[in-house]
Every structure is written in structure tokens, then in C-alpha cells.
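Chain by chain, the residues:
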Amino acid sequence: MPPKACPVQRNPDGTWQINGYAEGRAFLREHDTVQAGLGVETVESFPQKIRRPVLYRDGPEHREHRKQTAKFFTPRRVDEAYRPVMERAAEQQIAVLRKGGPVHLADLSFQLAVDVAAAVIGLTESKPGIKNRLDYFFPEKFGSPGFTSLSGLYWAYRQVRGWGSLYFADVQPAVKVRRKHRQDDLISHLLDEGCTAAEILGECLTFAAAGMVTTREFIVMAAWHMFTDDELRAKYLASAEPERLLMLHEVLRLEPVLGHLKRRTTNEIKVGSEVVPSGAVVRIQIDHANLDTGTVGEEPLSLCPGRSMGPGGNPTGLSFGDGAHKCPGSHIAILETDVFLHKLFSVDGVRMVTAPRITFKDDIAGYELRGMQVAVD
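Quantities reported herein were computed from a predicted structural model and do not represent experimental measurements.

Peer 1: I'd love a proper account of the nonpolar core, names of residues and values included.
Peer 2: Formed by 78 residues in total, the largest nonpolar core has its most connected members in Phe340, Leu341 and Leu344. Among the elements that make up this core, the one with the highest residue count is helix α9 (residues 197-227) (17 residues). Other than its neighbours up to four places away in sequence, leucine 344 contacts Ile94, Leu97, Leu105, Phe227 and Val350. In this structure, Trp16, Ala280, Val282 and Leu318 belong to the second largest nonpolar core, which totals 16 residues.

Peer 1: Got a sec to walk through the packing of aromatic side chains? Specific residues and values, please.
Peer 2: Per the counting criterion, the structure on display carries three aromatic pairs. Residues phenylalanine 72 and phenylalanine 73 carry aromatic rings whose centres are separated by 6.5 Å and whose planes lie at 80° to one another, so their mutual orientation is edge-to-face. Using a relative accessible area of 8% as the deciding quantity, one classes phenylalanine 73 as buried. With a centroid separation of 5.0 Å and an interplanar angle of 85°, the aromatic rings of tyrosine 167 and phenylalanine 168 are classed as edge-to-face. Note that arginine 216 overlies the ring of phenylalanine 110, its terminal NZ or CZ placed 4.0 Å from the centroid. Lying over the aromatic face of tyrosine 236, arginine 244 brings its terminal NZ or CZ to 5.9 Å of the ring centre.

Peer 1: Can you explain the confidence of the model for the protein chain? Please cite residues and give values.
Peer 2: Parts of the prediction with low pLDDT should not have their coordinates interpreted in detail. Mean pLDDT over the protein chain: 88, with 89% of residues reaching 70 or higher. Per-element confidence in the protein chain ranges from a low mean pLDDT of 60 for helix α2 (residues 40-43) to a high of 98 for helix α11 (residues 241-254). Within the model, the stretch residues 141-149 combines pLDDT values under 50 with 16 contacts to residues more than four positions away or in other chains.

Peer 1: Describe in detail the pattern of salt bridges, supporting the description with residues and values.
Peer 2: According to the stated counting rule, one finds 23 salt bridges in the structure shown. With its nearest N and O atoms 2.9 Å apart, the salt bridge here joins lysine 343 to glutamate 91. Taken together, the positions of lysine 343 in helix α14 (residues 330-345) and glutamate 91 in helix α4 (residues 75-98) put the pair 252 residues apart, joining distant regions of the chain. With relative accessibility at 18%, the residue lysine 343 sits in the buried group. Overall, glutamate 91 belongs to the partly exposed group, its relative accessible area being 44%. Salt-bridge contacts for lysine 131 lead to aspartate 107; the nearest nitrogen and oxygen are separated by 3.9 Å. In this pair, lysine 131 sits in helix α6 (residues 130-137) while aspartate 107 sits in helix α5 (residues 105-121), placing the two residues 24 residues apart along the sequence. The class of aspartate 107 is partly exposed, set by a relative accessible area of 37%. When salt bridges that share partners are traced, they join Arg216, Glu217, Glu368 and Arg370 into one network.

Peer 1: So what's going on with the pairing of strand β5 (residues 260-265)? Which residues, and what values?
Peer 2: The pairing of strand β3 (residues 33-36) with β5 spans four bridges and is classified as antiparallel. The residue bridging threonine 33 from the neighbouring strand is threonine 265, located in β5.

Peer 1: Kindly report on α4, identifying the contributing residues and their values.
Peer 2: Where α4 bends most, the angle comes to about 55°, and this point is tyrosine 82, followed within four residues by the proline proline 84. Those residues of α4 that are buried are in contact with β4 (103-104), α5, α11, α14, β9 (350-354) and β12 (373-376). Looking one or two places after α4, you find glycine 100, whose phi comes out positive at around 110°.

Peer 1: I'd like to hear about the sheet that holds β4, residue by residue, with values.
Peer 2: Overall, antiparallel pairing links the three strands, which are arranged β4-β12-β9 in an open sheet. Edge strands, defined here as strands with exactly one partner in the open sheet, are β4 and β9. Relative to β12, β4 runs antiparallel, the two being bridged by two bridges. Bridge pairing in β12 places histidine 104 opposite glutamine 373.

Rules behind the numbers
Residues numbered from 1 in each chain as written. Predicted model: local features only at pLDDT ≥ 70, side-chain atom pairs only at ≥ 80, totals over all residues. Heavy atoms only, no water. Core = buried A, V, L, I, M, F, W, Y, C linked by side-chain atoms within 4.5 Å. Buried < 20%, exposed > 50% of the residue type's maximum accessible area, 1.4 Å probe, protein only. Helix = DSSP H or I, 4+ residues; strand = E, 2+ residues; numbered from the N terminus. Contact = heavy atoms within 4.5 Å. Phe/Tyr/Trp six-rings, centres within 6.5 Å; stacked < 30°, edge-to-face > 60°. Lys NZ or Arg CZ within 6 Å of the ring centre and 35° of its normal. pLDDT = per-residue confidence, 0-100. Salt bridge = Lys/Arg side-chain N within 4 Å of Asp/Glu carboxyl O. Pairing = 2+ DSSP bridges. Bend = angle between axes of the 7 residues up to and from the residue.

Right under this line is the structure:
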């Protein structure tokens, strides 16, 4: 937490901000809140008969969905069912690197994340080019959709076109196969729940944004740390998997892909010494909370894998959130990052050709790393 930052504060615009780790963790576990931010305003405009993606649901319905789908994300399931996919997908991307010439690490990491997430979700009958379709839907720079300007019309058109291409090339083929023969994946589960193909598309895009896009960024960030820290890279390569995962946990604590999360209160809630009124928008500053010395210990800006944490402390801080909306794919994200990076840094002569440029998306306080090129001597 930055020096002199209050654990809980009310901002001049009437919103609230939580900077403390313990306070942020406790607030994320409150039931009297609902999602705010992350595009929830767009989802709220959906017709009532269309079921919202799980990211945008709260209360008993949300908890029941998480309970029913938890089996897809347990550490054991990740290790037994998805590790082979990770290994195969990582080898394919390393083969691209070995062909010669600099390659963009963000492209390799995104293809890896797409392949792994597709296996979890059930997007296994897609037409070629799913990565390009997702890149089109999640561009490096977003506009503001609307109908009052040419720019707004363009972005509205782009969004509709992106939904359409992913539906017909990816979701529809998967749904068609699973209507006849259920499989052990998320789409089959959603069909059993009575979801329409359009609702399944919404869930798939939610998982794409929450899993594929964020994992791409973290892989590049972790690689950047290791390319610029010879001691860290050497220790990473010499360590067994449990120790490597601790290193990645610590990098993520320092470099959360999302800098904050937003919630709106539905009842008055006491947070620390403050009382947040009903209807307030609250921003949990992950990037501040992860530096709170009261939980993470001294020298919070130092990379110290396996650091001793205070009560309630998690090795990744609050980078995966907490409470009902804690990221279900945390084990997947960390393991696929390790599988790929261990293979990458095991390649003799691998080097960073150009460092990435870093930009930020203000609406989620998230970073994007583009332009990092790697090559093999």
C-alpha cells in the first residue's frame, strides 16, 4: 500500500476506495455487493429473458453456478486434464520460435492461452483462425460504441461483427456437436442448464476476456522480469515446479494484471473503521492492497518468492480477487504460464530482442504489453 494511503477512503466524486489488503479481502467476501465495472453497464441493457454471463451475476444464482462448475477448475483437474494440453500447446509455440527470426511473445502467449481455454470451455470444433477472431474482438485499442458519431458507429459495427464471427465459427459448431453428445466441458454443462447458443456465446466471451487475454499479459510480464534479471531466470530454471510457481505468484502480486476491481453495495457495509452506504460504488485497489506491509510484510516492492504473509495473506495477493467472484481459473493461469516459460527459457540462446511497450486501460487499471520480440541465437 502506498505510504500514507488510508485503508478505506471516500473520494471527492462520492465513490469509495479500499487500499488495505485485509479491508479489500473482507469487502470482496461481502454478500451485500454486486458487480460494477468490467462492462456490466452493457450487460444490464440485455433483455431480461437473456441470462447474464456468470461474471455479471450475484447472489444465490451465482453461487450455485460456481458450485456446479467448480469441478472444471480444481488443481487435480487442471493437472490431470489440462496439463497435457498445456504441454502440447507450449511445444507448438516454441516450435514457432525455433523456426528463426524474432517473434512477438504476445502472439505466442495468446495462442497458448486460446488453446488451453478452448479445451476447458469446449471450443474444440472451431474453424481455423480463432486467435485472429479473438484479437479482432479484443483489440489493442477500444473505442466508445454509440450512434452519435462515425467513430461510435464504427465501434458498434465492429462489436456486432466480432460477436457474429465468433458465434458462427466457434460457438455454433461446438454447440451442435454437444447437443448430440455431451462432453466433459463447460459448454456441455451450460447446455444441461438450458442455456441458448447466444447465452453460451456470452459465457465464452467472458472466459476469453478473463482467461485468455489476462494470461497473455501475465506471461509477457513474467518473461520480461526474467529476461532482465539473470539471477531470477537462473533460479527459475534450476528450481522444481513448486518453487517456480512461487516465483510466478510473487511476480503476479507485484504486477496484477487488473489494478482494481469495482463493486456496488446493496446494503450499508462496515469496512475497517468506515461505514460505506448502500448504493455506493467501491473500487478495491489491488495494486495498493498487494503492497500493504500489514499483510505482505516488509519490503513489499521486492520480489521475494515464498515471503511470509500475515493472516489471510495469499502468495498472489488479491490479484485473482477473492470471495464469490474469485477467479476460478487461477490454477490454470499459473500452471500454463509455468509450462510455457520453463520451455521458453530452456531453449539455448533464447533472448529478448526488443523490450515491450506498456500501455494501460484506465477502465480496469490493467496493463498491456506489446512489441516484445524474442529470438534464438
